[in-house]
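# Structural overview
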Amino acid sequence: MASSKRSSKKRPRTSGNPARRPIVEAPPVTFGDWVGAARLRTLPLAVAPVVIGTGAAQIVDPRLHWVIALACLAVAVLLQIGVNFANDYSDGIRGTDAHRVGPARLTASGRVPAKNVLIVALVFFALAAVSGLAIVIRTQQWWMLAVGAVSIVAAWFYTGGKRPYGYFGLGEVFVFVFFGLVATLGTTWVQAFALPQEAWLGAIAAGLFACAVLLANNLRDIDQDRVVGKRTLTVLIGRRATQVLYTLFLIVPFLISSFIALLYPISWLALLALLAGLPALAIVWSYRKARELVIALGLTSLTALLYAGALYWAFVG
């Protein structure tokens, strides 16, 4: 009888409808998760053009307009963080980030309501706009309000909207324009009201570094992007061509600095940035796992910052 009773007891099922299985709750989101979603590895790309642009401005006007320079830095960094959170939101609600490697995805993980991530992105965009407005009021360059507005719109539609340009192979074009040309030349203009050739050369270099970082990021995600239909430039041209293009984007800035060194010998010190750049290049060409490209991304950003510091020293030294 005892054995009969034991056999009659219901046993827990281990198969069947997955929807009825116990759901393991994700750990609560932490401050560290928010910091990870801000993608701090990309922030040197916001700092570099401001450093280069400020140095170029001091060629024209040796005084350091530190208030304006800091405001330019605030605009660049706040806009970069806003872009990162906007990407987290837009890619998350599309399902693009369901199986990503790298920093925590707040929206895709479901640990944070999508609207909260959107609010954070908009807050950073608003803070960037306020900083930009302060620059415009101080310099009386009212036409730059339009530049700022276009920059924020471009930041949103990288992955936002119905037809985000980042999904159609145009990400590198806009990154080069806004995180290279606009950021560097804008910084120079509001401090010196002139655009010397050094500013243009530095802007091109900063834009190429930003494109290199984006290529490393998209190379990491190439397989997932193909599955979800995100047609980045990397998806369109393939893995090998992306590696070649990354190499060009990383090396050309050093050819530029070598040219600048003909007038500013200290620019040769920019070659020291290759101490970070060459390991990144080696990873891009020899990586085995996608996660390794996260390291390459960070090293490429660091390369841009070291490069910018060398150019600044050359311009003001």
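Presented here is a report on the structure given in the accompanying data block. Source: prediction; values computed, not measured.

All right, on to the nonpolar core then. Nonpolar side chains in soluble globular proteins tend to end up buried together. The biggest cluster of nonpolar side chains holds 79 residues, and the ones touching the most others in it are I52, F85, Y246, L293, Y307 and F315. Excluding its chain neighbours within four sequence positions, the residues that come into contact with F85 are W34, A37, A38, L106, V117, V120, A121 and F124.

Here the focus is the packing of helix 4 (residues 66-94) against helix 8 (residues 171-192). Two elements in contact, helix 4 and helix 8, have axes whose closest approach is 9 Å; the angle formed by their N-to-C orientations is 160°. In this view, helix 4 runs roughly antiparallel relative to helix 8, as classed from their interaxial angle. Every pair of crossing elements has a handedness; the one defined by helix 4 and helix 8 is right-handed. Here helix 4 contributes I68, A69, C72, Q80 and V83 to the contact with helix 8, which in turn contributes F179, T187, V190 and Q191. Here the residues of the contact of helix 4 with helix 8 sort into 6 nonpolar, 3 polar and no charged.

One full turn of an α-helix is made of 3.6 residues, so residues set three or four places apart face in the same direction. Spanning 26 residues, helix 6 (residues 114-139) covers 38 Å between terminal C-alpha atoms, matching the ideal 38 Å at 1.5 Å per step. Turning to helix 6, its buried residues number three or more, namely V117, A121, F125, A128, S131, I135, V136 and T139. Looking at the buried side of helix 6, the elements it contacts are helix 2 (31-37), helix 4, helix 5 (106-109), helix 7 (144-156) and helix 8.

Relative to the elements of secondary structure, G186 occurs in helix 8. Sequence separation between G186 and V50 is 136 residues, and the spatial gap between their C-alpha atoms is 8.7 Å. Aside from chain neighbours lying at most four places away, what touches G186 is M144 and L181.

So, about the pattern of salt bridges. A full pass over the atoms with the stated rule returns 6 salt bridges. When the shortest N-O distance is used, the salt bridge between R111 and D33 registers 2.7 Å. Taken together, the positions of R111 in the loop between helix 5 and helix 6 and D33 in helix 2 put the pair 78 residues apart, joining distant regions of the chain. Classification of R111 as partly exposed rests on a relative accessible area of 27%. A salt bridge links R220 to D221; the nearest nitrogen and oxygen atoms lie 3.0 Å apart. Comparing R220 with D221, the two get one shared label, buried.

Here the focus is the packing of helix 12 (residues 239-260) against helix 14 (residues 292-316). Between two packed helices, what matters for the description is the angle formed by their axes and the separation of those axes. At a minimum axis distance of 12 Å, the contact between helix 12 and helix 14 shows a crossing angle of 10°. Taken together, the axes of helix 12 and helix 14 are roughly parallel relative to one another. Residues Y246, L250, P253, F254, I256, S257 and I260 of helix 12 lie in contact with helix 14, whose contacting residues are A296, T300, T303, Y307, L311 and F315.

Glancing now at the environment of G36. With respect to the helices and strands, G36 occurs in helix 2. For G36 and L106, which are 70 residues apart along the polypeptide, the C-alpha to C-alpha distance reads 9.2 Å.

Quick look at unusual backbone geometry now. The backbone of R39 sits at a positive phi, close to 55°, despite the residue not being glycine. For R39, the position within the fold is in the loop between helix 2 and helix 3 (44-60). The class for R39 is buried, based on a relative accessible area of 14%. A positive phi is found at F193, a non-glycine position, where the angle reads about 55°. Here F193 is to be found in the loop between helix 8 and helix 9 (197-220).

In total, this model carries 1 cavity of 30 Å³ or more according to the counting rule given. Volume-wise, the largest cavity comes out at about 40 Å³. Counting residues per element, the ones that place at least two in the lining of the largest cavity are helix 9 and helix 12. Per-element tally for the lining of the largest cavity: the top contributor is helix 9, with 3 residues. By residue class, the composition of the lining of the largest cavity is 5 nonpolar, 1 polar and 1 charged.

All right, on to a nonpolar patch on the surface then. Side chains of L64, W66, V67 and L70 sit close together on the surface and give an oily, nonpolar patch of about 400 Å² of accessible area. Turning to its location among the elements, V67 is positioned in helix 4. Residue classification places V67 among the partly exposed residues on the basis of a relative accessible area of 35%.

How each quantity is defined
Residues numbered from 1 in each chain as written. Predicted model: local features only at pLDDT ≥ 70, side-chain atom pairs only at ≥ 80, totals over all residues. Heavy atoms only, no water. Core = buried A, V, L, I, M, F, W, Y, C linked by side-chain atoms within 4.5 Å. Buried < 20%, exposed > 50% of the residue type's maximum accessible area, 1.4 Å probe, protein only. Contact = heavy atoms within 4.5 Å. Axes fitted to C-alpha atoms, helices over the stretch in contact; angles between N-to-C directions. Helix = DSSP H or I, 4+ residues; strand = E, 2+ residues; numbered from the N terminus. Parallel < 35°, antiparallel > 145°, perpendicular 65-115°, else oblique. Left-handed = near helix turned anticlockwise from the far one by under 90°. Nonpolar A, V, L, I, M, F, W, Y, C, P; charged D, E, K, R; others polar. Expected span 1.5 Å × (residues − 1). Salt bridge = Lys/Arg side-chain N within 4 Å of Asp/Glu carboxyl O. 1 Å grid on protein atoms, 1.4 Å probe; cavity = no way out; pocket = protein on both sides within 12 Å on 5 of 7 lines; lining within 4 Å. Points joined across faces, edges and corners; volume = space filled by probe spheres on them. Patch = residues over 30% accessible without salt bridge, like charges linked within 9 Å, V, L, I, M, F, W, Y side chains within 5 Å. Areas by Shrake-Rupley, 256 points an atom, 1.4 Å probe, with all protein chains shown as cover.

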